[in-house]
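# Architecture and fold: a report
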Amino acid sequence: QVQLVESGGGLVQPGGSLRLSCAASGSIFSIYAMGWYHQAPGKQRELVATITSGGSTNYADSVKGRFTISRDNAKNSVYLQMNNLKPEDTAVYYCTTQSYSGIISWGQGTQVIVST
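Below, the structure is looked at part by part. (Residues numbered from 1 in each chain as written. Predicted model: local features only at pLDDT ≥ 70, side-chain atom pairs only at ≥ 80, totals over all residues. Heavy atoms only, no water.)

### Describing the overall build of the protein
- Summing up its helical and strand segments, the protein has 0 helices and 11 strands in all.
- For the protein, the α and β elements follow one another from N to C terminus as β-β-β-β-β-β-β-β-β-β-β.
- For 116 residues, the compact-globule estimate of 2.2 N^0.38 gives 13 Å, and the protein sits close to it at 13 Å.
- Burial statistics for the protein: of 116 residues in total, 42% are counted as buried.
- Pairs at least 24 apart in sequence give 53% of the contacts found in the protein among residues at least 6 apart.
- Per element, the accessible surface of the protein, about 6100 Å² overall, is 49% carbon and sulfur.
- For the protein, the centre of its 8 positive side-chain charges and the centre of its 6 negative side-chain charges are spaced 3 Å apart. (Helix = DSSP H or I, 4+ residues; strand = E, 2+ residues; numbered from the N terminus. Rg over C-alpha atoms; globule rule 2.2 N^0.38 Å. Buried < 20%, exposed > 50% of the residue type's maximum accessible area, 1.4 Å probe, protein only. Contact = heavy atoms within 4.5 Å. Areas by Shrake-Rupley, 256 points an atom, 1.4 Å probe, with all protein chains shown as cover. Lys, Arg positive; Asp, Glu negative; His and termini not counted. Charge placed at Lys NZ, Arg CZ, Asp CG, Glu CD.)

This is how it looks when you write it as structure tokens:
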């Protein structure tokens, strides 16, 4: 099993920036991909961005050009740099990993609020 702990959420004004961090522990040798999802009130959890062990990235169309996902394999961590934040980015952001065998793990989530 993989345990995930997110940090970095908070309140920011529109146009501002935040950097989310997620540290993995446990069966880290099994991790293939890491990523972020978000879930707004009353909506389903949605993909934000993913990154594989080889560095290949994938982004939701809504965040392309504004968000950047990165990964530090030595620190077993994944990051999400969020720039030019919009009110519609308000959500709980969840860190996730997928093992080579397909097992999915989730963090507890960190709240991001974009508001004046």
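### A short note on unusual backbone geometry
- In this structure, Asn 76 takes a positive phi of about 55 degrees despite not being glycine.
- At Asn 84, a residue that is not glycine, the phi angle is positive and equals roughly 50 degrees.
- With respect to the helices and strands, Asn 84 occurs in the loop between strand E8 (77-82) and strand E9 (91-99).

### Quick word on the sheet that holds strand E7 (residues 67-72)
- Spatially, 4 strands are ordered E1-E3-E8-E7 in an open sheet, and the strand pairing comes out antiparallel. The outermost strands of the open sheet, each flanked by one partner alone, are strand E1 (2-7) and E7. Here the average twist between neighbouring strands, direction ignored, is 15 degrees.
- Note that E7 and E8 share 6 bridges and pair antiparallel. In the sheet register, Asp 72 faces E8, and the bridge partner there is Ser 77. (Pairing = 2+ DSSP bridges. Axes fitted to C-alpha atoms, helices over the stretch in contact; angles between N-to-C directions.)

Read these as spatial facts, not as claims about activity.
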